[in-house]
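Residues per chain, in single letters:
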Amino acid sequence: MAKRCKVTWLCGLCVVLALVSVATIVTLWTIALTGGGDVTAPWDRYRLPTVLVPEFYNITLWPRLKPNPNSGLYTFTGRSTVQFECLESTDLILIHSNKLNYTGMEDGHAVRLTAEGGQSAPSIKTTWHQSQTQYLVIQLRSRLTRGQKYQLYSEFTGELADDLAGFYRSEYEEDGVRKIIATSQMHPTHARKTFPCFDEPAMKAVFHITLIHPPETVALSNGMEVDHETVTIDGQTLLQTKFEATEKMSTYLLAIIVSDYAHLNTTQGSTQIRIWARRKAIDQGQGDYALNVTGPILDFFQSYYNISYPLKKSDQIALPDFYFGAMENWGLVTYRETNLLYDPETSSNSNKETTATIIAHELAHMWFGNLVTLRWWNEVWLNEGFASYVSYLGADHAEPEWHVKDLIVLDDVHKVFAVDALASSHPLTSKEESITLPEQIMEQFDTISYSKGAAVLRMLSDFLSESVFKQGLSSYLRHFSYGNTVGSDLWGHLQMAVKDNNVPLPHQVDAIMNPWVLQMGFPVVTIDTSTGKVSQNHFRLDPETNVTVKSPYKYEWVIPVRWMKDGDVREDIWWLTKQEDLNVDMRTGPSWVLANINVTGYYRVNYDLGNWERLFSQLSADHQVIPLINRAQLVDDAFNLARAQLVPTSLALRTTSYLSQETEYMPWQSALNNLHYFDLMLDRTEVYQPMQSYIRKQVNPLFLHFRNLTSNWTKVPEKHTDQLNHVNALRTSCRTGLRECQELTGMWFKEWMDSPERNPIHPNLRSAVYCSAVAAGGEAEWNFTWSQFREASVASEASKLMSALACSNDTQLLDRYLWYTLNPAMIRKQDATSVITAVAGNREGHGLAWDFVREHWEYMFTEYGVGSFSFASLIGGVTARFSTPADLQQLQDFVKEHEDLGFGSAALAVNQSLERTEANIKWVEQNKQEVLHWFTSQTEN
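The text that follows walks through the structure, step by step, so that each part is easy to find.

The rules behind these values
Residues numbered from 1 in each chain as written. Predicted model: local features only at pLDDT ≥ 70, side-chain atom pairs only at ≥ 80, totals over all residues. Heavy atoms only, no water. Helix = DSSP H or I, 4+ residues; strand = E, 2+ residues; numbered from the N terminus. Rg over C-alpha atoms; globule rule 2.2 N^0.38 Å. Buried < 20%, exposed > 50% of the residue type's maximum accessible area, 1.4 Å probe, protein only. Contact = heavy atoms within 4.5 Å. Areas by Shrake-Rupley, 256 points an atom, 1.4 Å probe, with all protein chains shown as cover. 1 Å grid on protein atoms, 1.4 Å probe; cavity = no way out; pocket = protein on both sides within 12 Å on 5 of 7 lines; lining within 4 Å. Points joined across faces, edges and corners; volume = space filled by probe spheres on them. Pairing = 2+ DSSP bridges. Axes fitted to C-alpha atoms, helices over the stretch in contact; angles between N-to-C directions. Core = buried A, V, L, I, M, F, W, Y, C linked by side-chain atoms within 4.5 Å. Expected span 1.5 Å × (residues − 1). Phe/Tyr/Trp six-rings, centres within 6.5 Å; stacked < 30°, edge-to-face > 60°. Lys NZ or Arg CZ within 6 Å of the ring centre and 35° of its normal. Disulfide = S-S within 2.5 Å. Parallel < 35°, antiparallel > 145°, perpendicular 65-115°, else oblique. Left-handed = near helix turned anticlockwise from the far one by under 90°. Polar contact = N/O pair within 3.5 Å; in protein donor to acceptor, adjacent residues only side chain to side chain. Salt bridge = Lys/Arg side-chain N within 4 Å of Asp/Glu carboxyl O. Nonpolar A, V, L, I, M, F, W, Y, C, P; charged D, E, K, R; others polar.

1. A few points about the overall build of the chain
Broken down by element type, the chain carries 28 helices and 31 strands. Relative to the 2.2 N^0.38 estimate, which gives 30 Å for 941 residues, the radius of gyration of the chain is 30 Å and therefore close to what a compact globule would have. Summarising its shape, the C-alpha atoms of the chain cover approximately 110 × 70 × 65 Å along the three principal directions. Out of the 941 residues in the chain, the part that is buried amounts to 59%. For the chain, long-range pairs separated by at least 24 residues make up 72% of all intrachain contacts whose partners lie at least 6 apart in sequence. With the model as given, the accessible surface of the chain reaches about 36800 Å², and the carbon-plus-sulfur share is 49%.

2. Observations concerning empty space enclosed by the protein
With the rule as written, the count across this model stands at four cavities of 30 Å³ or more. Of the voids in this model, the largest cavity is the one considered here, and its volume is about 90 Å³. Lining the largest cavity, in full, are H187, P201, Y252, T373, L374, W376, W377, E379, V380, N383, E384 and F445. Only β21 (372-374) and α6 (380-398) provide two or more residues apiece to the lining of the largest cavity. At three residues, α6 tops the list of elements feeding residues into the lining of the largest cavity.

3. A word on the sheet that holds strand β3 (residues 92-96)
The three strands lie next to each other as β3-β7-β6, forming an open sheet whose pairing is antiparallel. Sheet topology places β3 and β6 (124-130) at the edges, where each strand pairs with a single neighbour. The sheet shows a mean angle of 15 degrees between the axes of neighbouring strands, taken without regard to direction. Bridge count for β6 against strand β7 (residues 135-140) is six bridges, and the pairing is antiparallel. Bridging from a neighbouring strand, T126 pairs with Q139 of β7.

4. Focus on the pairing of strand β5 (residues 111-115)
Only one face of β5 is buried, namely the one carrying V111, L113 and A115, since none of R112 and T114 on the opposite face is buried. Summarising the sheet, β5 and strand β8 (residues 149-159) pair through five bridges and their orientation is antiparallel. Within the sheet, the bridge partner assigned to L113 lies in β8 and is L152.

5. A closer look at the nonpolar core
One finds Y305 and Y817 to be the most contacted residues of the largest nonpolar core, which totals 303 residues. In this structure Y305 touches A364, W367, F368, F386, V390, L473, S474 and L477, once residues within four positions along its chain are discounted.

6. Description of helix α24 (residues 829-840)
With twelve residues, α24 extends 18 Å between its outermost C-alpha atoms, agreeing within 8% with the 16 Å of an ideal straight helix rising 1.5 Å per residue. Burial within α24 is extensive, with nine of its twelve residues counted as buried.

7. Let's talk about the packing of aromatic side chains
Counted under the stated rule, the structure contains 65 aromatic pairs. An aromatic cluster is built from F300, F301, Y304, Y305, Y309, W367, F368, F386, Y389, F469, Y476 and F480, whose rings are joined through pairwise contacts. In this arrangement the basic side chain of R604 is found over the ring face of F539, its NZ or CZ atom lying 5.7 Å from the centre. Across from the ring centre of Y688, 3.9 Å away, lies the NZ or CZ of R843, which sits over that ring.

8. A few points about the state of the cysteines
Under the criterion given, the structure shown has two disulfides. Disulfide pairing is shown between C734 and C741; the S-S distance is 2.0 Å. Taking the torsion about the S-S bond as the criterion, the C734 to C741 disulfide, at about -95 degrees, is left-handed. Both residues of the pair, C734 and C741, belong to the buried class. The disulfide partner of C771 is C807, and the gap between their sulfur atoms is 2.1 Å. A torsion of -105 degrees about the S-S bond marks the disulfide between C771 and C807 as left-handed. Of this pair, C771 sits in helix α20 (residues 766-776) while C807 sits in the loop between α22 (795-804) and α23 (811-820), and the two are 36 residues apart along the sequence. The connectivity of the disulfides in the chain is 1-2, 3-4, where the numbers refer to bonded cysteines in sequence order. Left without a disulfide partner, C86 is nearest to the cysteine sulfur of C197, which lies 19 Å away. By relative accessible area, which is 0% here, C197 ends up buried.

9. Topic: the packing of α6 against helix α9 (residues 447-464)
In the contact formed by α6 and α9, the axes pass within 7 Å of each other and the chain directions differ by 70 degrees. The angle between α6 and α9 falls in the class roughly perpendicular. Where α6 crosses over α9, the handedness of that crossing is right-handed. Along the contact surface, α6 presents V380, W381, L382, E384, G385, F386, S388 and Y389, while α9 presents S449, Y450, G453, A454, V456, L457, R458 and S461.

10. Describing the environment of Y135
Within the fold, Y135 resides in strand β7. Linking Y135 and Q892, residues 757 residues apart in sequence, is a C-alpha distance of 36 Å. For Y135, the side chain forms a polar contact with the main-chain nitrogen of L48, separated by 3.5 Å.

11. Observations concerning the pattern of salt bridges
If you walk through the whole model with that rule in mind, you get 41 salt bridges. Note that E106 and R112 form a salt bridge whose closest N and O atoms lie 3.2 Å from each other. Exposure remark for R112: the relative accessible area of 32% places this residue in the partly exposed category. Note that E171 is salt-bridged to R169, the shortest N-O span being 2.7 Å. By relative accessible area, which is 13% here, R169 ends up buried. Look at the salt bridges and you will find they share partners, linking R47, E200, R375 and E432 into a network.

12. Description of the packing of helix α16 (residues 665-682) against helix α18 (residues 720-735)
Where α16 contacts α18, the two axes come as close as 9 Å, and the packing angle between them is 35 degrees. The two elements α16 and α18 cross, and the hand of that crossing is left-handed. In contact with Y665, W668, Q669, L672 and D679 of α16, α18 contributes T721, L724, N725, N728, T732 and R735. Per-class residue counts for the contact of α16 with α18 are four nonpolar, five polar and two charged.

13. Here's the deal with the pairing of strand β17 (residues 271-277)
Burial runs high along β17: six of the seven residues are buried. When strand β16 (residues 262-268) meets β17, the two strands line up antiparallel, connected through seven bridges. Note on β17: the bridge partner recorded for L264 is I275. Here β16 hands over to β17 after two residues, with G269 in that stretch at a positive phi of 65 degrees. The sheet contact formed by β17 and strand β18 (residues 313-319) spans five bridges and is parallel. Along β18, the bridge assignment pairs I273 with S314.

Encoded structure:
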């Protein structure tokens, strides 16, 4: 007994010691892999280890353009070899892989590992897919050797789905035949859905691409096609197209497309330029404009960067189904059809401007973003903000008569002010460790990154001077070509240019820019012209919200102030470098002061009431003494200062009094943008009719101005911005009930309904006329518009019709339209968000759209819309009118109901909507009576 007990006790002790030993080994192994601090296994972290660096990929892909007869799915097969170097000995390989099924190698593992130069490679112990972090995990029996290069080979199958991500399927109909395109969207984290890869922007490599495809199709990739060969596989005769090796680049810039498209081509210097689109679109000349502007824009950027275009060719292709507006794949830029194609017969001048600026945005990336790439997604703003800023410069070079450079103030600066004045805003640069998940990466591609990025870089270029800015930029691009950077690298090269040119600045470039980049928000500069005191404060739309995010800069900025007095612009910039300072020259007496000339600075301006009165007098007496952009600024600043309770709302409304004398686009557009907020807040109250009457009174002279300018609507204004304001005059007059306008648009639309083959409405005016006619009409007008939408062969025309269908005042028709968004045969997935937000923008459709989103959120979010819905835009659109406690309660209930599911890339938009709704409720409570009184007093006589 005793002996038996002793043996059992010893056995138990041995088992315990063995378990402790195993636990210790696992712990030590984990600590060794992780460097000691973090005990998370490497495959559970979202960032790749830096011990392996790719050198090149050899990739062959074969997309099936017909569904598999057994599964009904469209698929692709591929094989890939990636050569990488081991920088630090390891027995673990992590490589990104998502939704790929691997064909087992001879040893049963998913991949084969070999060493370069005939050296022996470690054998594979085990492989598995870590789905949450999207890795293929390869554990080795021994360690890779530091300094040795290895090759990883795999064969795989993936679905060619219609999810607009990775290698995906796009469909369209041409001459009654349904056609399939295999196309791609690797950005930001979808290359891993196409082939196993080190899918981070700093993991640059060279790509050797081969595509296998049907003989009647054409294959495209980043490099030029170098070899076509007919091959037979499984009894099928196919084409095999090989492409020249790419430059060293990030995975997200890879593009692969198989289609039966046609193209146009030309050369600019030694660069071949090609525009690809559906055959019918090319035959109809819809690619001509893009072809004509691409060469001049490329030339402009070569001169601007002082670096030649790095590639042999520049392909641009228009796709029927595409998530983003466009994507800057190096050498093969992909676009939504509406953004690349322009049809002189049906596209408006606004469409033409969109095409020019988006082409310029994408081509700007060929250097800034592609040649030199940011190391990680936390500094997306520098890439996208820069391209957004210089897109205006590129488009201005291609179309100098348009003065498109000025429009950045409306389209980017004013737009982003509205978001960046919320407590839920965020800095341009986030902490690198805070952006790891794919949905966090996607969330970075927002208005702040694009528009605030553009605004602060424009300000920087202005106070350095464009020549110094370009010098620093060129030095930066040359130094880091084919490599990766962080934002501070650019500041360093700009500082060198500042030093070379003796530019007088109050601080170094990084010290000036860091407060603009590393803290959220922007200042309001307040000038007291009675004392000359100038101060700055963090501008918040709702002054009662607490900003809980601490800033190392205490929400102060180094502010360049350009200003004028009584029409006389001061030559030198005055710098506000602290919270409050004195500028005795701004002590004016009877003169008026105006600051932030041409809105080159990213800030708002407020004045003492005496100066506001003098500015109103000037606007009334001769508004043209005040620069055009600043007339738009005065309106936008005043309305937003009023929302922040810094000036009375009636003062803001007075900035619109002079508009009856104004004919320029920018001030009018600024006023309409701001009055739209009043519309959203008050169109379900007794304020609505007096407000409509006032706006109708103010716009009537503009309507008459354009009637005369166009010889009774028979001609088109010559100036680009006049063409834009021509649309404003018509749309606003009709919307506010000007009978002459409504009769005119009704007549034009009836003429078209009577003769559908001949549309008498000028392309510039179609969006306004279609909306007015559908709003005034019934089911016949709606059905006619729907049939024209279904038959439209030009994407920009289809887009106008799609928007107009949401203008109906018939709730049954609007409800029908919302249901169509869940059927891709009716509304393409890429357009569903636009349709729902357009319906929400209609007084009659707002409640319907919100109910629809609530009812179908889970289905749209988890199944239908993944990769194709812009959920952030959707949330912003359906909650834009929220201004009552009941609205807020519904939104809070919605958030609570779906908090387990989460909101993915819309999480930030949800917080912004909650904050905006609370601010709206307060605004209506505080301002409704004052606004009602003001509008009534303006229209009584």
